[in-house]
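Given next are the chains, with one letter for each unit.
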Amino acid sequence: MPSADPILVTGAAAGGVGGVGGKVVGELCRHGVPVRALVHHDDDRATALRALDGVEVVVGDLTRGADVVAALAGCRRVYFGMSPSLGYLEAATIMAAAGLESGRLDLLVNMSQMTVSQMSLTSSAESHQQRLHWLSEHVLDWSGLPVVHVRPTVFMENPLFGMLAVASARRDGTVRLPFGTARTSPVAARDVAAVVARLLLDPSPRTGRVHELTGAGSRDMTAIAAEFSAALGRTVTYVDVPYDEWVEHDLEPLGLDPHLFDHIATMARLHGENRYDRATDEVEDLLGRPPLGFDSLLDAAPD
């Protein structure tokens, strides 16, 4: 087990996809480890974190050096994650600089995404957010800090599935997405958070590693619609929608900010190009159990 020093968890109350930071806090609390939860806003989510035993909540901005230095004080292990943002690279760079200045870190677990493994300096098909993740990994590696990168393929809770697919499945028994016959392997945020906690609790962490996390297998949307059918107890079918039509009629009404809109739209396009046809055993290897399925998403999503 790590020392009694608190583990810093950033994005602990973020409303991003799956709320991984908050789930990491919960996992660490269950192991009786002291946690310092960094939140951006002191709201009801921060109040809920304060109610957990062993959790210290601090309010700060990941793009403000003074806030990050103060949050890191006394910590040896850190989980760095942040909702999609134009300031993502700035935040990662500040975290790297603050970690070096502290001189105490023995592990930094960085939340990235699997698309990074298919990118290069000159690739241009990816979203701005994916490019920021690629650059952030490089900055953290160049810092020389003891870093482990966690790269989920795509979260089940991503708006593609957690909002749009769930809503249409419940509304009219369809899953409307522009993926064609491409395959994908979504992973549950709960599994990703459990992996992050497992890495943070490792008494002798192996740094310099990359963990690529997927669901139980890569399959097409017809197979995923069948999983929705089994979970809901009624027939759900996949409807392959032309990409431009899907963007206009399904994605635009969500009212996402331009940066996030670009990211989700790009992920949909890359799905159609079969960029998410990936499968690994890392979730089961690290957690000792199979990855969660779409039934866990449907059970958690409001009717």
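Scroll up for the structure.
Residues numbered from 1 in each chain as written. Predicted model: local features only at pLDDT ≥ 70, side-chain atom pairs only at ≥ 80, totals over all residues. Heavy atoms only, no water.

Draft legend 1. Highlighting the pairing of strand 4 (residues 77-80). Neither face of strand 4 is open: one carries Arg77 and Tyr79, the other Val78 and Phe80, and all of them are buried. With 3 bridges joining them, strand 1 (residues 7-9) and strand 4 adopt parallel strand pairing. Of the residues in strand 4, the one forming a bridge with leucine 8 is valine 78. Handedness of the crossover is the feature at issue here: the chain leaves strand 4, passes through helix 4 (residues 88-102), returns alongside strand 5 (residues 107-111), and the resulting connection is right-handed. (Buried < 20%, exposed > 50% of the residue type's maximum accessible area, 1.4 Å probe, protein only. Helix = DSSP H or I, 4+ residues; strand = E, 2+ residues; numbered from the N terminus. Pairing = 2+ DSSP bridges. Right-handed = clockwise from strand over helix to strand, strands pointing away.)

Draft legend 2. View of unusual backbone geometry. A positive phi angle, close to 65°, is found at asparagine 274, a residue other than glycine. Note that asparagine 274 resides in the loop between helix 10 (258-272) and helix 11 (282-287).

Draft legend 3. Representation of the side chain of histidine 149 in the model. Within the element layout of this structure, histidine 149 appears in strand 6 (residues 147-152). A residue is classified by how much of its surface remains accessible, and histidine 149, at 3% relative accessible area, is buried. Here the side chain of histidine 149 touches asparagine 110 through a polar contact of 3.0 Å, side chain to side chain. Within the structure, the side chain of histidine 149 is placed 2.8 Å from the side chain of aspartate 141, a separation counted as a polar contact. Residue contacts for histidine 149: discarding those within four places in its chain leaves Asn110, Glu137, Leu140, Asp141, Arg209, Val210 and His211. (Polar contact = N/O pair within 3.5 Å; in protein donor to acceptor, adjacent residues only side chain to side chain. Contact = heavy atoms within 4.5 Å.)

Draft legend 4. Examining the sheet that holds strand 6 more closely. In space, the 7 strands of this open sheet follow the order 3-2-1-4-5-6-9, with parallel pairing throughout. Two strands lie at the open edges of the sheet, namely strand 3 (55-59) and strand 9 (210-213), each paired on one side alone. Taking each pair of neighbouring strands and ignoring which way they run, the sheet shows an average axis angle of 15°. Here strand 4 runs beside strand 5; their pairing, made up of 4 bridges, is parallel. Its bridge partner lying in strand 5, valine 78 is registered against leucine 108. (Axes fitted to C-alpha atoms, helices over the stretch in contact; angles between N-to-C directions.)

Draft legend 5. Local environment of the pairing of strand 6. Extensive coverage of strand 6 is indicated by the burial of 6 of its 6 residues. Side chains Val147, His149 and Arg151 project from strand 6 onto one buried face, and the interleaved Val148, Val150 and Pro152 project onto a second face that is buried too. Inspection of the sheet shows strand 5 paired to strand 6 by 4 bridges, in the parallel sense. Across the sheet, asparagine 110 pairs through a bridge with histidine 149, a residue of strand 6. On the question of chirality, the crossover connecting strand 5 to the parallel strand 6 by way of helix 5 (residues 128-143) is right-handed.

Draft legend 6. Quick look at the pattern of salt bridges. One pass over the structure, following the stated rule, counts 19 salt bridges. Residues aspartate 67 and arginine 64 are paired through a salt bridge, measuring 3.4 Å at the closest nitrogen-oxygen approach. Through salt bridges that share partners, Glu137, Arg151, Glu212 and Arg278 make up one connected network. (Salt bridge = Lys/Arg side-chain N within 4 Å of Asp/Glu carboxyl O.)

Draft legend 7. How the structure looks around the state of the cysteines. One pass over the structure, following the stated rule, counts 0 disulfides. Between cysteine 29, a free cysteine, and cysteine 75, which holds the nearest cysteine sulfur, the sulfur-to-sulfur gap is 14 Å. Its relative accessible area of 1% is what places cysteine 75 among the buried residues. (Disulfide = S-S within 2.5 Å.)

Draft legend 8. The arrangement of the packing of aromatic side chains in detail. Per the stated rule, a full pass over the model turns up 5 aromatic pairs. Centroid distance phenylalanine 80 to tyrosine 88: 5.9 Å. Interplanar angle 65°. Geometry classified as edge-to-face. On the basis of relative accessible area, tyrosine 88 is assigned to the buried category, the value being 1%. The interplanar angle of 55° and the centroid separation of 5.7 Å between the aromatic rings of phenylalanine 161 and phenylalanine 294 together place this pair among those described as tilted. Linking phenylalanine 161 in helix 6 (residues 159-172) with phenylalanine 294 in helix 12 (residues 294-300), this pair joins segments that are 133 residues apart in sequence. Each of the two residues, phenylalanine 161 as well as phenylalanine 294, counts as buried. In this structure an aromatic cluster arises from ring pairing among Phe161, Phe179, Phe228 and Phe294. Sitting over the face of the ring of tryptophan 134, arginine 131 holds its NZ or CZ atom 5.2 Å from the ring centroid. (Phe/Tyr/Trp six-rings, centres within 6.5 Å; stacked < 30°, edge-to-face > 60°. Lys NZ or Arg CZ within 6 Å of the ring centre and 35° of its normal.)

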